[in-house]
Amino acid sequence: MNRPRIAVIGAGMAGLTFARTIKPHADVTVIEKSRGLGGRMATRQTENGSFDHGAQYFTVRDPRFASALAADIDDGSVQPWPDRVIGIATDGRRHERPQSGPTYIAVPGMTALAKSWAKGLDIQLNRTVKGIAGTAGAWMIETDQGPLGPFDWVVSTAPAPQTAALMPLGPVEMAACQSVSMQGCFTLMLTVKTGQDLPDEPLRFDHPVLGWLAVNDTKPGRAKSGHVVLHSNNAWADANLERPPDAVRDDLHAALVTVVDIPGLSQPENVTIHRWRYANVSKPLDRPFILDRERGLAACGDWCIGNRVEAAFVSGLELAHALADLP
Ligand SMILES: Cc1cc2nc3c(=O)[nH]c(=O)nc-3n(C[C@H](O)[C@H](O)[C@H](O)COP(=O)(O)OP(=O)(O)OC[C@H]3O[C@@H](n4cnc5c(N)ncnc54)[C@H](O)[C@@H]3O)c2cc1C
């Protein structure tokens with residue numbers, strides 16, 4: 001019996017989980033537009049060191065996620081972090097925020113887990129999917145470097161609005177995909193002169209502009225580089241998405257300085273901004289994946305379940321289990 005040929009768009013947590021789970025049953029090709037793995041579980045390399053500028057940590061509540069991570073936890077490439085999170089009110093007052101269970105990070109950067117899970121998979125990096133042509137059982141993937149295919153199945157793990165734009169979904173599946181809402185985020189990466197006092201714990205802001213701040217150096221396995229990551233509030237990001245990045249950077253930094261009185265943060269050596277158009281899920285789908293068996297089209301990702309790395313894992317895993325009995 002022929003093994004089904006499956007194209008997976010995206011090498012983030014959902015795409016990699018799907019691909020490594022379905023691999024014993026199918027010939028899988030993962031196509032990723034970035035030059036690195038991990039999607040929004042991202043690490044930005046700079047000449048001075050690295051910043052985890054996307055997901056900060058992840059929950060491990062589902063026993064299937066715990067089991068999938070066991071080897072990575074055993075060898076120390078996934079470690080607990082943070083112990084505590086400090087809440088900061090709009091007026092700057094601090095309070096301890098209760099954690100709802102253990103949380104983890106990948107070591108030495110958030111992309112390390114993706115690199116570990118990508119081993120043995122056929123992954124085409126730096127290749128952007130532009131469209132899907134053909135028919136059920138013979139899909140061709142149009143990319144910026146020419147076509148790939150034919151494939152029996154195409155699975156998109158791109159954020160919901162990008163999946164809706166790319167995939168030739170039927171009306172029911174398209175309506176489901178378009179029912180999802182996602183929000184943006186701006187991330188500042190600040191380099192602070194080493195030796196300056198910086199917060200030992202991450203800060204979560206209750207603030208109209210600010211979202212989260214963490215000092216990369218406080219995470220296990222990171223260099224002492226004076227690297228600080230600041231995420232904006234999501235609603236504020238959505239309202240500012242199309243403004244010039246330098247203006248957004250300056251406003252975000254000015255808001256930080258107003259709320260947190262730490263000299264190293266007021267006068268950093270360098271500040272770089274990154275825009276996430278689709279960072280977080282504000283209204284998820286009502287089921288773990290989209291599946292059109294007749295046409296050989298499917299989609300999964302955090303946006304099916306919720307706003308977390310763990311949701312992306314569960315979505316990719318459940319779609320792979322649903323497809324694994326296919327011819
Ligand atoms: C700033 C920020 C902070 C976050 N903080 C946390 C946190 O602390 N804890 C937590 O659990 N979660 C957090 N999240 C959310 C978490 O990162 C996501 O839930 C999770 O990583 C989503 O994984 P995914 O595989 O579903 O999607 P993604 O990681 O987005 O993967 C989709 C992949 O598809 C690729 N792609 C898209 N379009 C194309 C195309 N046309 N061709 C080829 N490839 C394409 C993308 O490049 C990407 O690699 C955060 C996200 C952001 C942005």
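Now for a look at the structure at hand. Computed from a prediction, not measured in an experiment: that's the story for all the values here. (Residues numbered from 1 in each chain as written. Predicted model: local features only at pLDDT ≥ 70, side-chain atom pairs only at ≥ 80, totals over all residues. Heavy atoms only, no water.)

1. A few points about the overall build of the chain
Operational definition: Put simply, DSSP H or I for four residues or longer makes a helix, DSSP E for two residues or longer makes a strand, and each gets a number counted from the N terminus. The quantity called the radius of gyration is restricted to C-alpha atoms. Its globule counterpart is 2.2 Å times the number of residues to the power 0.38. When accessible area is computed with a 1.4 Å probe and restricted to protein chains, residues below 20% of their type maximum are described as buried, those above 50% as exposed, and intermediate ones as partly exposed. The contact definition used throughout considers only heavy atoms, calling two residues in contact when any of these lie within 4.5 Å. We get accessible surface area from the Shrake-Rupley algorithm with a probe of 1.4 Å; when it comes to residues, only the shown protein chains can shield them. Within this scheme the basic residues Lys and Arg register as positive and the acidic residues Asp and Glu register as negative, but His and the chain ends are omitted. All charge positions are set by atom: Lys at NZ, Arg at CZ, Asp at CG, Glu at CD.
When its secondary structure is counted, the chain shows ten helices and 21 strands. For 327 residues, the compact-globule formula gives about 20 Å, and the C-alpha radius of gyration of the chain, at 20 Å, lands near that figure. When its C-alpha atoms are laid out on the principal axes, the chain stretches across 65 × 45 × 35 Å. By the burial criterion, 54% of the 327 residues in the chain qualify as buried. Looking at the chain alone, contacts between residues at least 24 apart form 67% of all its contacts between residues at least 6 apart. Entry remark: accessible area of the chain is about 14,400 Å², with carbon and sulfur atoms responsible for 49%. Averaging the locations of the 32 positively and 35 negatively charged side chains of the chain gives two centres separated by 2 Å.

2. Observations regarding the nonpolar core
Across soluble globular proteins, you tend to see nonpolar side chains buried next to one another. We apply this condition: Buried residues of nine kinds, namely Ala, Val, Leu, Ile, Met, Phe, Trp, Tyr and Cys, make up a nonpolar core once their side-chain atoms join them within 4.5 Å.
Counting residues in each nonpolar core, the largest one holds 48 residues, and the members touching the most others are Met13, Phe18, Phe58, Phe65 and Leu113. With nine residues, the single largest contributor to this core is helix H10 (residues 309–323). Those residues in contact with leucine 113 that lie beyond four places of it in its chain are Met13, Met41, Phe58, Leu69, Asp72, Val78 and Ala106.

3. Here we look at the pairing of strand S8 (residues 94–97)
Side-chain direction in a regular strand flips from residue to residue, so the side chains alternate between the two faces of the sheet. For the record, the criterion: Any two strands are treated as partners once DSSP identifies two or more bridges connecting them.
Where strand S7 (residues 85–88) and S8 come together, four bridges link them in antiparallel fashion. Its bridge partner lying in S8, glycine 87 is registered against histidine 95. Counting the residues between successive antiparallel strands, the hairpin from S7 to S8 contains five residues, one of them, glycine 92, with a positive phi of roughly 95°.

4. What to know about the site of the ligand
Definition in use: To be near a molecule or strand, a residue needs just one of its heavy atoms within 4 Å of it. Pairs of N or O atoms within 3.5 Å make up the polar contacts considered here, provided that, within protein, one atom can donate a hydrogen while the other can accept it, and that residues adjacent in sequence are counted only when both atoms are side-chain atoms. Put simply, Ala, Val, Leu, Ile, Met, Phe, Trp, Tyr, Cys and Pro go in the nonpolar bin, Asp, Glu, Lys and Arg in the charged bin, and everything else, Gly too, in the polar bin.
As a structural note, the neighbourhood of the ligand is formed by 34 residues, with Ala14, Glu32, Arg40, Tyr57 and Asp302 the closest of them. At 2.6 Å, a side-chain N or O of glutamate 32 approaches an oxygen atom of the ligand. Contact between the ligand and lysine 33: a nitrogen atom at 3.1 Å from a main-chain N or O atom of the residue. In isolation the ligand offers 1,000 Å² of accessible surface; the protein chains occlude 93% of this area. Of the residues assigned to the shell around the ligand, the class counts are 15 nonpolar, 13 polar and six charged.

5. So, the packing of helix H2 (residues 63–74) against H10
So the rule is basically this: Note on method: axes are straight lines fitted to C-alpha atoms, helices fitted across the in-contact stretch only, with angles between N-to-C directions ranging 0 to 180 degrees. Just so you know how the angles are binned, under 35 degrees is roughly parallel, over 145 roughly antiparallel, 65 to 115 roughly perpendicular, and the rest oblique.
One can describe the packing of H2 onto H10 by two numbers: an axis separation of 10 Å at closest approach and a directional angle of 90°. Judged on the interaxial angle alone, H10 and H2 are roughly perpendicular. From H2, Arg64, Phe65 and Ala68 reach across to H10, where they touch Val309, Glu310, Phe313, Val314, Leu317 and Glu318. Looking at the contact of H2 with H10, its residues break down into six nonpolar, no polar and three charged.

6. Quick word on the sheet that holds strand S16 (residues 203–205)
A sheet is described by the order of its strands in space; here seven strands give the open sequence S8-S7-S16-S17-S18-S15-S19, paired in mixed fashion. With partners counted over all chains shown, the strands left at the sheet margins are S8 and strand S19 (270–283), one partner each. Along the sheet, successive strands turn relative to each other by an average axial angle of 25°, direction set aside. Helix H7 (residues 245–259) rests against S7, strand S15 (181–191), S16, strand S17 (210–215), strand S18 (227–232) and S19 of the sheet, and its axis sits at about 75° to S15.

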